[in-house]
Amino acid sequence: MTRDDHHADGYGPAGSAERLVGASADSEDTAIEAALRPKDLAEFIGQGKVREQLDLVLRAARARGGTADHVLLSGAPGLGKTTLSMIIAAEMGAPIRITSGPAIQHAGDLAAILSSLTEGEVLFLDEIHRMSRPAEEMLYMAMEDFRVDVIVGKGPGATAIPLELPPFTLVGATTRAGLLPPPLRDRFGFTAHMEFYEPHELEQVVHRSARLLDVEIDAEGAAEIAGRSRGTPRIANRLLRRVRDYAQVRADGVITREVAAQALAVYEVDDRGLDRLDRAVLDALLRLFGGGPVGLSTLAVAVGEERETVEEVAEPFLVREGLLARTPRGRIATPAAWKHMGLTPPQQPASGGPGQQGLFGT
Ligand SMILES: Nc1ncnc2c1ncn2[C@@H]1O[C@H](COP(=O)(O)OP(=O)(O)OP(=O)(O)O)[C@@H](O)[C@H]1O
């Protein structure tokens, strides 16, 4: 099995510090995740519908003695797309090759990978929406006819040499299925959308990982970590490792609710999974701008971050949590944001006081 690339989670394009609650894999995750991945569908926690449907697809393919249909997995980073692709291969008793869209810039890169696949092999293509156009077009034919045309030579003398491929299963992963061109999307026999996990599912993830890492944890400790993991198993596993450190150094090694809460307070991850940046954005929005509306650029200046960092790194989770809304007039805080930050909204936002929306409204 090979992996051509991996990404780190920086603070957006400005690319500064890695975040404890970032959903993309950092270098430590990459090193440890292999040990924590469930190996078969029965071990995979949550995503009940996806699991049931995939189980049918794979059982039927096995019964026919053939190769499974191409599978498209869509969902946010860290929800288990790579894990599921490995499970698909394991359940089919097939080897897996792992690569990603950005690693395939030329059609030739893809031709080289496809032509070296063995019969029934699973090809996992992460970030499939980021493949180059020519590679994408080559993939259409490979998926449908198990054939590619390799172009030899240049200009008028160029010739297309058809190359037969063994049947294989493509597992494509994307954070946004909507970004895929319809001809590509249509060539997948099965599409699964992965949802964020419920807290009780993340508790199971934490318990399972603690067992594998040989860490003692009680039910309340697992619940405390799960509640701060933003619906994402990767984050749950990462928080568990930081809490384990704390438990070893400052407690007796056992993770209880108290130990987990104290540890995550040190790392500035609050009880809802907001980190320093998220809280800074909310704090500025509430205290400086009376809850908004305030323009994105103004808000970014107020927290001393790039506009893109606020928009791409902090806001998606705040919006998902119902703490912040993006409106045509600017960003506004919801009543839940005031409550979460322990602040009281001004009685009459338009009459001055801490709120200065008139000045910052756009
Ligand atoms: N359903 C699950 N049950 C248990 N652990 C899980 C589950 N889903 C994911 N994990 C764990 O979360 C970590 C991240 O999962 P994975 O790498 O599969 O995510 P991903 O969606 O492929 O992320 P990316 O899009 O960034 O590649 C792995 O360590 C894996 O063990």
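Treat the numbers as computed from the prediction; the structure is a model and nothing was measured.

So, about the site of the ligand. Within the structure, the ligand sits among 20 residues, and Ile45, Lys81, Thr82, Thr83 and Arg234 are positioned closest to it. Lys81 places a polar main-chain atom, nitrogen or oxygen, 2.8 Å from an oxygen atom of the ligand. With respect to the ligand, the side chain of Arg234 contributes an N or O atom lying 2.8 Å from an oxygen atom. A total of 630 Å² of accessible area belongs to the ligand in isolation, and the protein chains cover 98% of it. Going through the elements one at a time, α1 (27-36), α3 (81-92) and α9 (233-250) are the ones with two or more residues in the shell around the ligand. Counted by class, the shell around the ligand contains nine nonpolar, six polar and five charged residues.

Here the focus is the sheet that holds strand β1 (residues 71-74). Read from one edge to the other, the open sheet built from five strands follows the order β2-β3-β6-β1-β7, with strand pairing classed as parallel. Each end of this open sheet is capped by a strand with a single partner; those strands are β2 (96-100) and β7 (190-193). Strand-to-strand twist in this sheet, taken as the mean axis angle between neighbours without regard to direction, amounts to 15°. In this sheet, strand β6 (residues 169-174) lies alongside strand β3 (residues 122-126) in parallel orientation, the contact comprising four bridges.

Another point: the packing of helix α7 (residues 199-213) against helix α8 (residues 219-227). At their nearest, the axes of α7 and α8 sit 8 Å apart, and the two run at 120° to each other. Handedness of the α7/α8 crossing: right-handed. Between α7 and α8, the contacting residues are Pro199, Leu202, Glu203, Val206 and His207 on the first element and Ala219, Ala222, Ala223, Ile225 and Ala226 on the second. In the contact of α7 with α8, the residues fall into eight nonpolar, one polar and one charged.

What follows deals with a negative patch on the surface. Together, Glu216, Asp218, Glu220 and Asp252 make up a region of like negative charge exposed at the surface. Examined against the element boundaries, Glu216 turns out to sit in strand β8 (residues 216-217).

Before going further, it helps to spend a moment on the pairing of strand β4 (residues 147-152). Two elements, β4 and strand β5 (residues 159-164), share six bridges in a ladder whose sense is antiparallel. Its bridge partner lying in β5, Asp149 is registered against Pro162. From the end of β4 to the start of β5, which pair antiparallel, there are six residues, and Gly153 there has a positive phi angle of about 85°.

The geometry of an aromatic ring pair is captured by two quantities: the separation of the ring centres and the angle between the planes. The final tally for this structure, using the stated rule, is one aromatic pair. The side chain of Arg230 reaches across the aromatic face of Phe317, ending 3.8 Å from its centre. The ring of Phe196 carries the charged tip of Arg320 above its face, separated from the ring centre by 3.4 Å.

Residues annotated in UniProt with the feature "binding site: DNA" (unreviewed entry) correspond here to Arg307, Arg326 and Arg331. A maximum C-alpha distance of 14.0 Å is found for the annotated residues, which run over 25 residues; spatially they form one tight group. What makes Arg307 partly exposed here is its relative accessible area of 40%. With residues up to four places along the chain from it excluded, the contact list for Arg307 reads Leu296, Ser297 and Ala300. Structurally, the position occupied by Arg331 is in strand β11 (residues 330-333). For Arg331, a relative accessible area of 11% puts it in the buried group. In contact with Arg331, not counting residues within four places along its chain, are Leu285, Gly291, Gly292, Pro293, Val294, Leu296, Leu299, Glu311, Glu315, Leu324, Ala325 and Arg326.

This part takes up the pattern of salt bridges. What the rule picks out here adds up to 25 salt bridges. Ionic pairing is found between Arg230 and Asp278, a salt bridge with its closest N-O pair at 2.9 Å. Of this pair, Arg230 sits in the loop between α8 and α9 while Asp278 sits in helix α11 (residues 276-288), placing them 48 residues apart in sequence. In this structure, Asp245 and Arg242 form a salt bridge, with 3.0 Å as the shortest nitrogen-oxygen distance. Within this pair, Asp245 and its partner Arg242 are both found in helix α9, separated by three residues, close to a single helical turn.

Cut-off values and rules
Residues numbered from 1 in each chain as written. Predicted model: local features only at pLDDT ≥ 70, side-chain atom pairs only at ≥ 80, totals over all residues. Heavy atoms only, no water. Near = heavy atom within 4 Å. Polar contact = N/O pair within 3.5 Å; in protein donor to acceptor, adjacent residues only side chain to side chain. Areas by Shrake-Rupley, 256 points an atom, 1.4 Å probe, with all protein chains shown as cover. Helix = DSSP H or I, 4+ residues; strand = E, 2+ residues; numbered from the N terminus. Nonpolar A, V, L, I, M, F, W, Y, C, P; charged D, E, K, R; others polar. Pairing = 2+ DSSP bridges. Axes fitted to C-alpha atoms, helices over the stretch in contact; angles between N-to-C directions. Left-handed = near helix turned anticlockwise from the far one by under 90°. Contact = heavy atoms within 4.5 Å. Patch = residues over 30% accessible without salt bridge, like charges linked within 9 Å, V, L, I, M, F, W, Y side chains within 5 Å. Salt bridge = Lys/Arg side-chain N within 4 Å of Asp/Glu carboxyl O. Lys, Arg positive; Asp, Glu negative; His and termini not counted. Charge placed at Lys NZ, Arg CZ, Asp CG, Glu CD. Phe/Tyr/Trp six-rings, centres within 6.5 Å; stacked < 30°, edge-to-face > 60°. Lys NZ or Arg CZ within 6 Å of the ring centre and 35° of its normal. UniProt positions renumbered as here; feature names shortened; annotations may be inferred. Buried < 20%, exposed > 50% of the residue type's maximum accessible area, 1.4 Å probe, protein only.

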